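# Survey of secondary and tertiary structure
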Amino acid sequence: MIKTKSIKVFLKAQLSAFSGGVTDYGMMILLTEKLGFHFTFSILISGTFGGIVNFCINRYWAFKNESIYTATARSQFLRFFGVVLGSITLKSGGTYLLHQNFNLDYRIGRLLTDSFVSYGFNYPLMKLWVFKTESKKQRKSIVNEISANAV
């Protein structure tokens, strides 16, 4: 059975991803259409900025709850950066392949690719690895166990 808390976190994460995605997609269009960058390079730049927006919203709102993060902000950012690099690679590669193989407009290919990458790659890694939490009760139990073993 799916918990209400899990649904709430998922929806908040999707709103965060949407905010980062709007930043990313808008910047990609601007860089490609107005500044003449190749779309794969635009995706690299725009994905970086969208990722920063997404990280901030995720860390301070979407995954933040009464639990404690298992990693420091620095460690989370490094993990997040790794996920974003993978995400950008998948998005750029997928968009390019759809454009080359099916002559699909890069804007449509990007939206299709984003859907798969977002739900199948980004969200699971964000929830289970980057912003992993443990309850205060779990943390207290671990600290007590370590203290007892140290004596």
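Just above, that's the structure.
Residues numbered from 1 in each chain as written. Predicted model: local features only at pLDDT ≥ 70, side-chain atom pairs only at ≥ 80, totals over all residues. Heavy atoms only, no water.

What follows covers helix α1 (residues 4-34). Here α1 is 31 residues long and its end C-alpha atoms lie 44 Å apart, about the 45 Å a rise of 1.5 Å per residue gives. Listed as buried for α1 are V9, K12, A13, Q14, S16, G20, D24, M28, L31 and T32. Close packing links the buried residues of α1 with α2 (39-62), α3 (73-102) and α4 (106-130). (Helix = DSSP H or I, 4+ residues; strand = E, 2+ residues; numbered from the N terminus. Expected span 1.5 Å × (residues − 1). Buried < 20%, exposed > 50% of the residue type's maximum accessible area, 1.4 Å probe, protein only. Contact = heavy atoms within 4.5 Å.)

We now examine the nonpolar core. Counting 18 residues, the largest nonpolar core has I43, F63, F80, Y123, M126, V130 and F131 as the members making the most contacts within it. Contributing elements (two or more residues each) for this core: α1, α2, α3 and α4. Apart from residues no more than four positions distant in its own chain, F80 is found in contact with G51, N54, F55, N58, M126, V130 and F131. (Core = buried A, V, L, I, M, F, W, Y, C linked by side-chain atoms within 4.5 Å.)

Another aspect to go through is the pattern of salt bridges. For the structure on display, the rule yields five salt bridges. Notably, a salt bridge pairs R107 with D105, separated by 2.9 Å at the nearest N-O pair. Under the relative-accessibility criterion, R107 is labelled partly exposed at 32%. We classify D105 as partly exposed; its relative accessible area is 29%. R110 is the salt-bridge partner of D114, the closest N and O atoms lying 2.9 Å from each other. With a gap of four residues between them, D114 and R110 both fall in helix α4, about one helical turn apart. (Salt bridge = Lys/Arg side-chain N within 4 Å of Asp/Glu carboxyl O.)

For the pair α3 and α4, the least separation of the axes is 8 Å and the interaxial angle reads 155°. The orientation of α3 with respect to α4, classified from their angle, is roughly antiparallel. For the crossing formed where α3 meets α4, the hand is right-handed. Looking at the contact of α3 with α4 residue by residue, the classes come out as 12 nonpolar, nine polar and four charged. (Axes fitted to C-alpha atoms, helices over the stretch in contact; angles between N-to-C directions. Parallel < 35°, antiparallel > 145°, perpendicular 65-115°, else oblique. Left-handed = near helix turned anticlockwise from the far one by under 90°. Nonpolar A, V, L, I, M, F, W, Y, C, P; charged D, E, K, R; others polar.)

Now for the packing of aromatic side chains. Tallied over the entire structure, the rule returns 11 aromatic pairs. Between F55 and F131, the ring centres sit 5.7 Å apart and the planes meet at 35°, which makes this aromatic pair tilted. Placement of the pair is F55 in helix α2 and F131 in the loop between α4 and β2 (133-134), with a sequence separation of 76 residues. The residues F55 and F131 share a single accessibility class, namely buried. Between F63 and Y123 the ring centres are 6.4 Å apart and the planes differ by 25°, which places this aromatic pair in the stacked class. Note that F63 is positioned in the loop between α2 and β1 (68-69) and Y123 in helix α4, a separation of 60 residues in sequence. The burial state of F63 is the same as that of Y123; both residues are buried. Taken together, the ring pairs in this structure connect F10, F55, F63, Y69, F77, F80, Y119, Y123 and F131 into an aromatic cluster. For the cation-ring pair, K12 lies above W61, with the distance from its terminal atom to the ring centre recorded as 5.0 Å. (Phe/Tyr/Trp six-rings, centres within 6.5 Å; stacked < 30°, edge-to-face > 60°. Lys NZ or Arg CZ within 6 Å of the ring centre and 35° of its normal.)

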